[in-house]
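Understanding the architecture of this molecule
Each chain, letter by letter, is given below.
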Amino acid sequence: MSKNHQKVVLVGDGQVGSAYAYALVQQGLAEELAIVNLSKEHAEGDALDLEDATVFTAPKQVYQADYDACADADLVVICAGAAQKPGETRLDLVGKNLEIMKQITKSIMATGFDGILLLATNPVDVLTYAVQKISGLPASRVISSGTSLDSARLRVALAKKLGVSPLDISANVMAEHGDSEFAAYSSATVGGKPLLQICEEKGISNDELLKIEDDVRHKAYEIINRKGFTAYGVATCLMRITRAILRDENAVLPVGAYIDGEYGIKDNYLGTPAVINASGISKVIEVPLNERESEAMAKSSDALKKIATDGMTKVGLVNYLIK
């Protein structure tokens, strides 16, 4: 494949996958997009629909494909899996989606794939950990959307509270993409000024900040209860990570990254800022955390590691847990 030709394979063309494919077309990213889906007819329909949009964006070859398309792909994005239902937590999906990820990962790697894997399927931290172990790829080349969506939600909420643009807020949600996540307020800034200092000046209490954190944590449930699924936010986050990879940006983004020593944590996937470029994750940015945040990070890690270990053992992946 020529150096100026980039190929992305999308595995799973449901609500999130379809929205991601559309975002990719809108941004003019990659010259080739192959769509792998359980229903080939659906993928064919989406490809036909998407190619019509390329007239007004950028030329792109879009088509339905099988796993053999992964052989020469630069990036494979996995959005396949059972979706979260109303009243269901992300962690409730562990058993169903570990089985699905096992088969998908083996199908991808059987093609000789040697690029970067990007996951969005929930519970994304546990599944990314499993996929990295099964694939045998370097951890730097197995990434998840992690807390990118949660961080975006936090920035939106803080922007509304402070009357500024979310673009000018630097704030991270960290650890699990789920119920044990937390907002790293101690390192957050607005236009370079510490967020906590601004809140003190404006009379915004710690309880109000914790309420915002909790609202961010539960926003997915609010969306799912109303429309049955979430798609646009996470798809746009996936597009942003894709752009950083394909354009070799060295962009610092909150993603699901392999942690092996940072934050005093070993062998786990957690949401943290990291430097993203054509090699995948080139560096994890270890954010300074206060006491509350450090405790939350450790607690979230312990919970996820137990779920990953128990889940992988139940679906016959125990051998992959041995380092």
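What you are looking at is a predicted structure, and each value in this text was computed from that prediction instead of being measured.

Right, let's talk about the overall build of the protein for a bit. In terms of regular secondary structure, the protein is built from 9 helices and 14 strands. Taking 20 Å as the expected radius of gyration for a compact globule of 323 residues, we find that the protein reaches 19 Å, a close match to that expectation. Restricting to contacts in the protein with at least 6 residues of sequence separation, those with at least 24 account for 71%. When the accessible surface of the protein is totalled, it reaches about 14000 Å², and 52% of it is carbon and sulfur.

This part covers the pattern of salt bridges. Any two side chains of opposite charge can pair, given that their charged atoms come close. One pass over the structure, following the stated rule, counts 17 salt bridges. Here Lys 102 ties to Glu 99 by a salt bridge, and the two come within 3.6 Å at their closest N and O atoms. With Lys 102 and Glu 99 both in helix H3 (residues 94–109) and 3 residues apart, this pair spans about one turn of that helix. A salt bridge links Glu 249 to Arg 240; its shortest N-O distance comes to 2.7 Å. Take Glu 249: its relative accessible area is 30%, and that puts it in the partly exposed class.

Burial of strand E2 (residues 32–36) is extensive: 5 of the 5 residues sit out of reach of the surface. Residues Glu 32, Ala 34 and Val 36 of E2 are buried on one face, and the alternating residues Leu 33 and Ile 35, pointing to the opposite face, are buried as well. As defined by bridge partners, strand E1 (residues 7–11) adjoins E2 across 5 bridges and the pair is classed as parallel. Bridging across to E2, Val 8 finds its partner in Leu 33. Across 4 bridges, the pairing between E2 and strand E3 (residues 61–64) is parallel. Bridged to Ala 34 within E3 is Tyr 63. Running through helix H2 (residues 40–53), the crossover from E2 to the neighbouring parallel element E3 is right-handed.

The next point concerns helix H7 (residues 206–227). Compared with the 32 Å implied by 1.5 Å per residue over 22 residues, the 32 Å span of H7 between its first and last C-alpha is a close match. Its maximal kink placed at His 218, H7 deviates by approximately 50°. Those residues of H7 that fall on the buried side of the exposure criterion are Leu 209, Ile 212, Glu 213, Val 216, Arg 217, Ala 220, Tyr 221 and Ile 224. Those residues of H7 hidden inside the fold are in contact with helix H5 (148–162), strand E8 (173–174), strand E9 (182–183), helix H6 (195–202) and helix H9 (291–314). Positive phi shows up at Gly 228, right after H7, with a value of about 95°.

Before going further, it helps to examine the layout of surface pockets. When its volume is computed, the largest pocket comes out at roughly 790 Å³. Around the largest pocket sit 39 residues that line it, and Cys 79, Ala 80, Gly 81, Ala 82 and Ala 83 are the ones nearest its centre. Breaking the lining of the largest pocket down by element, the ones donating at least two residues are helix H1 (15–27), H2, H3, H5 and H7. A per-class count over the lining of the largest pocket returns 19 nonpolar, 15 polar and 5 charged. Within this model, the second largest pocket holds a volume of roughly 630 Å³. As for the second largest pocket, its lining consists of 25 residues, of which Ser 148, Ser 151, Ala 152, Arg 155 and Pro 254 are closest to the centre. Mapped by element, the contributors of at least two residues to the lining of the second largest pocket are H5, strand E7 (169–170), helix H8 (232–246) and strand E12 (251–259). Of all the elements, H5 adds the most residues to the lining of the second largest pocket, at 7 residues. Here the residues of the lining of the second largest pocket are counted per class, giving 16 nonpolar, 5 polar and 4 charged.

Bringing the side chain of Ser 300 into the picture now. Its location among the elements puts Ser 300 in helix H9. Once you skip the residues sitting within four places of it in the chain, Ser 300 turns out to touch Ala 175, Glu 176, Ser 180 and Leu 270.

Looking now at H9. In an α-helix, one turn spans 3.6 residues, which is why side chains three or four residues apart end up on the same side. For H9, which comprises 24 residues, the first-to-last C-alpha distance of 35 Å matches the rise-based estimate of 34 Å (1.5 Å per residue) to within 8%. Turning to H9, its buried residues are Glu 293, Ala 296, Met 297, Ser 300, Ser 301, Leu 304, Ala 308, Gly 311 and Met 312. Elements that come into contact with the buried residues of H9 comprise H3, helix H4 (124–135), E8, E9 and strand E13 (268–277). Where H9 begins, one side-chain oxygen reaches toward the backbone nitrogen of Arg 292, 3.2 Å away; that side chain belongs to Asn 290. Gly 316 sits one or two positions beyond H9 and adopts a positive phi of about 80°.

One finds Val 76 and Leu 117 to be the most contacted residues of the largest nonpolar core, which totals 92 residues. Setting aside residues up to four positions removed in sequence, Leu 117 forms contacts with Val 76, Ile 78, Ile 108, Val 131, Ser 135, Leu 137, Arg 141, Val 142 and Ile 143. Grouped together as the second largest cluster of nonpolar side chains are 18 residues, Ala 188, Val 190, Cys 199 and Ile 204 included.

Here we take up the packing of H4 against H9. Across the interface, H4 lies against H9 with an axial gap of 9 Å and an inter-helix angle of 55°. With respect to H9, the element H4 is oriented oblique. When you trace H4 past H9, the crossing you get is right-handed. Mapping the contact onto sequence places Asp 125, Val 126, Tyr 129, Ala 130 and Lys 133 in H4 and Leu 304, Lys 305, Ile 307, Ala 308 and Met 312 in H9. Partitioned by chemical class, the residues of the contact of H4 with H9 number 7 nonpolar, no polar and 3 charged.

Definitions and limits used
Position numbers for residues count from 1 along each chain, tracking the sequence in the order it is written. Only residues with pLDDT of at least 70 are given local features in this predicted model, and only at 80 or more are side-chain atom pairs given and counted; all residues enter the totals for whole chains, interfaces and linings. Side-chain figures throughout are based on the complete set of non-hydrogen atoms in the structure, without hydrogens or water. Counting from the N terminus, the helices are the DSSP runs of H or I reaching at least four residues and the strands are the DSSP runs of E reaching at least two. The globule rule is 2.2 Å times the number of residues to the power 0.38, and the radius of gyration it is compared with is taken over C-alpha atoms. Two residues qualify as a contact provided that any one of their heavy atoms is within 4.5 Å of a heavy atom in the partner residue. Only the protein chains shown count as cover for residues, and the accessible areas themselves come from Shrake-Rupley with a 1.4 Å probe. Salt bridges are counted wherever a side-chain nitrogen of Lys or Arg sits within 4 Å of a carboxyl oxygen of Asp or Glu. Accessibility here uses a 1.4 Å probe with only protein chains present; expressed as a share of the type maximum, an area under 20% marks a residue as buried, one over 50% as exposed, and anything in between as partly exposed. At least two bridges found by DSSP between two strands is the condition for calling them paired. Crossover handedness is defined here as right-handed if the route from the first strand over the helix to the second strand goes clockwise, with the strands pointing away from the viewer. Here the expected length of a helix is defined as 1.5 Å per residue gap, with one fewer gap than residues. Given a residue, its bend is the angle between the two axes fitted to the seven residues that end at it and to the seven that start from it. With a 1 Å grid spanning the protein atoms alone, the term cavity applies to any set of points in which a 1.4 Å probe fits but cannot get out, the term pocket to an open set with protein on both sides within 12 Å along at least five of seven lines, and the term lining residue to any residue with an atom within 4 Å of a point. Grid points are joined across faces, edges and corners, and a volume is the space filled by probe spheres set on the points. We call Asp, Glu, Lys and Arg charged. Ala, Val, Leu, Ile, Met, Phe, Trp, Tyr, Cys and Pro are nonpolar, and the rest, Gly among them, are polar. Definition of a polar contact: a pair of N or O atoms within 3.5 Å, with one able to donate and the other able to accept a hydrogen when the atoms are protein atoms, and with sequence-neighbouring residues admitted only if both atoms are side-chain atoms. Residues enter a nonpolar core if they are buried and are Ala, Val, Leu, Ile, Met, Phe, Trp, Tyr or Cys, with the set joined through side-chain atoms within 4.5 Å. Note on method: axes are straight lines fitted to C-alpha atoms, helices fitted across the in-contact stretch only, with angles between N-to-C directions ranging 0 to 180 degrees. Here is the rule for angles: anything less than 35 degrees is roughly parallel, anything more than 145 is roughly antiparallel, 65 through 115 is roughly perpendicular, and the remaining ranges are oblique. Crossing handedness is read from the near helix: turned anticlockwise from the far helix by less than a right angle, it gives a left-handed crossing, and turned clockwise, a right-handed one.

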